[in-house]
Amino acid sequence: MNEGTCRQVIDGQDVGVLPVRLEDERILLVDQRSLPDKLEFFDATELKDMCFAIREMVVRGAPSIGVAAALALAAHGKQSAKGKSSATDLLPDLQEAGKQLQSTRPTGVNLKWAVEKIYLAADQQVKGDTKVAATTLADRLVELAASMLDSHIRTNMVLSALGSALIPENASVLTHCNAGSLATCGWGTALGVIRSAKFAGLNPNVFVDETRPRNQGSRLTVWELVQDGIPCTLICDSLAGYLMAKKKIDLVIVGADRIALNGDTANKVGTYSLAVLAKAHGIPFYVAAPLSTFDPTLPTGDGIVIEERSADEIIKFGDHSITLSNANALNLAFDLTPGSLITAIITEGGILRSSYERSIPQALGVEKQ
Ligand code: MRU
């Protein structure tokens, strides 16, 4: 399989390699652990396999995780509907499966958002029609989950077109981690804005942080940008400050895993340092994310759980130990950037600016009266 055969075209526009595809009744994930060396698929149709795939980052990036989980939950519903006549009997199974999916990675809110959306739809349909057959309900859930894949692509294209208005001509843009098609189910958010800027003729070029320890920048972002013909330069994470001081960077743009109502943003570890550096050098710092990445239950980022992953991810490089094999290491996968350091948040509902306490609830439609 080569990337050419995996790219998706929507309304005549190539939206990149989709991380998730549905084939008959199977859920196939692009195995992001093997990129860019190999483009392979991982069959995550079974619930346990999807839980493994999310935990081990076969599929990653908050929006892609959300859509993959929704598909897995619906597929699980279809499996368990086979032995049941009443749809009501399906609800406890869905609830239990949703719990298992949500326990895989704690920081990104899209996982919770997607699982709740499927469960709520099931609950509402059962309440609306107590006689609905279990198999009918399960089919509807599969349709809903599939529509979430499609709507993510369109949402990303809308927010990217809005965000490209913030990119000056010939800009040097710094990005961190991977917020492209692979992370977001098509087109991209932070990378989507850069792609839209390219297609608008703005000629951006990109500095890509390698993004230790899982190297999403060097493995995935460079891969996506090269396929799109966007000039890019890979750098060590720690070079960003010096490049800013030398005026080599015009703006920073990153994705997000969870955003609180005051703009506090959890994203890949290293994002906070970039925001501080951008502030110190007077450079705009943008976050691009769909509205499904906002957590309406959190007034501030204090309540966001930051995932801690295995120390082995930093002790080893691949299978090779790069320190003492028993070194004490702390591998927090995300950090928190205060809203006060973010110049604007680019969403499909518009470009949100400070005060975020006002603009975010308004965009989400959850303002206090
Ligand atoms: O650990 P990952 O690779 O899932 O983390 C991904 C990120 O932090 C991305 O920047 C984030 O999900 C935004 S991409 C839409």
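Everything discussed here concerns the structure shown above.
Residues numbered from 1 in each chain as written. Predicted model: local features only at pLDDT ≥ 70, side-chain atom pairs only at ≥ 80, totals over all residues. Heavy atoms only, no water.

(A) Highlighting the overall build of the chain. Assigned secondary structure in the chain consists of 13 helices and 17 strands. Taking the principal axes of its C-alpha atoms as reference, the chain extends roughly 70 × 55 × 45 Å. Carbon and sulfur atoms make up 52% of the accessible area of the chain, which totals about 15,500 Å². Side chains of the chain carry 35 positive and 42 negative charges; the gap between the two charge centres is 2 Å. (Helix = DSSP H or I, 4+ residues; strand = E, 2+ residues; numbered from the N terminus. Areas by Shrake-Rupley, 256 points an atom, 1.4 Å probe, with all protein chains shown as cover. Lys, Arg positive; Asp, Glu negative; His and termini not counted. Charge placed at Lys NZ, Arg CZ, Asp CG, Glu CD.)

(B) Inspection of the sheet that holds strand E8 (residues 232–235) at higher detail. Strand order in the open sheet formed by 7 strands is E8-E7-E6-E9-E12-E16-E17, with mixed pairing between adjacent strands. This sheet does not close on itself; its edge strands, each paired only once, are E8 and strand E17 (350–352). Across the sheet, the mean angle from the axis of one strand to that of its neighbour is 25 degrees, orientation sign disregarded. Bridge analysis of strand E6 (residues 172–175) against strand E9 (residues 251–254) gives 2 bridges, and the strand direction is parallel. Its bridge partner being in E9, leucine 174 is matched across the sheet by valine 252. Lying over the sheet, helix H8 (residues 190–199) contacts E6, strand E7 (205–209), E9, strand E12 (285–288) and strand E16 (344–347), oriented at roughly 125 degrees with respect to E9. The strands that helix H13 (residues 356–364) touches are E16 and E17; relative to E17, the one it contacts most, it runs at about 150 degrees. (Pairing = 2+ DSSP bridges. Axes fitted to C-alpha atoms, helices over the stretch in contact; angles between N-to-C directions. Contact = heavy atoms within 4.5 Å.)

(C) Expanded view of the sheet that holds strand E15 (residues 334–337). Strand order across the open sheet formed by 3 strands is E10-E11-E15, with antiparallel pairing between neighbours. In the strand order of this sheet, the two ends are held by strand E10 (258–259) and E15, each with one partner. In the sheet, E10 pairs with strand E11 (residues 265–268) via 2 bridges, with the strands oriented antiparallel. Following the sheet pairing, arginine 258 is matched in E11 by alanine 266.

(D) Representation of the side chain of threonine 189. Mapped onto the fold, threonine 189 is located in the loop between helix H7 (181–184) and H8. Using a relative accessible area of 3% as the deciding quantity, one classes threonine 189 as buried. Those residues in contact with threonine 189 that lie beyond four places of it in its chain are Asn156, Leu159, Ser160, Ala179, Thr184, Gly255, Ala288, Ala289 and Pro290. (Buried < 20%, exposed > 50% of the residue type's maximum accessible area, 1.4 Å probe, protein only.)

(E) A look at the site of the ligand. What surrounds the ligand is a group of 19 residues, the closest being Arg60, Gln216, Asp257, Asn267 and Lys268. The contact in question runs from an oxygen atom of the ligand to an N or O atom on the backbone of alanine 62, over 3.0 Å. Taking lysine 268, its side chain carries an N or O atom lying 2.7 Å from an oxygen atom of the ligand. Its free accessible area being 400 Å², the ligand has 99% of it covered by the protein chains. Elements supplying a minimum of two residues to the shell around the ligand: helix H3 (62–81), H7 and E11. Residues of the shell around the ligand, tallied by class, amount to 8 nonpolar, 7 polar and 4 charged. (Near = heavy atom within 4 Å. Polar contact = N/O pair within 3.5 Å; in protein donor to acceptor, adjacent residues only side chain to side chain. Nonpolar A, V, L, I, M, F, W, Y, C, P; charged D, E, K, R; others polar.)

(F) Structural view of the packing of H3 against helix H6 (residues 134–164). Relative orientation of the contacting elements H3 and H6 amounts to 165 degrees, with a least axis distance of 8 Å. By the angle between their directions, the pair H3 and H6 is classed as roughly antiparallel. In this structure, H3 crosses over H6, and the sense of that crossing is left-handed. On H6, the residues touching Pro63, Val67, Ala70, Leu71, Ala74, Gly77, Lys78 and Ala81 of H3 are Ala134, Thr135, Ala138, Asp139, Leu141, Val142, Ala145, Ala146, Met148, Leu149 and His152. (Parallel < 35°, antiparallel > 145°, perpendicular 65-115°, else oblique. Left-handed = near helix turned anticlockwise from the far one by under 90°.)

(G) How the structure looks around the nonpolar core. Residues Ile27, Leu29, Met50, Ile54, Leu101 and Leu141 are the most contacted members of the largest nonpolar core, which totals 45 residues. In terms of residues, this core owes the most to one element, H3, which gives 11 residues. Within the second largest apolar cluster, 26 residues are counted, among which are Leu174, Leu341, Ile342 and Leu352. (Core = buried A, V, L, I, M, F, W, Y, C linked by side-chain atoms within 4.5 Å.)

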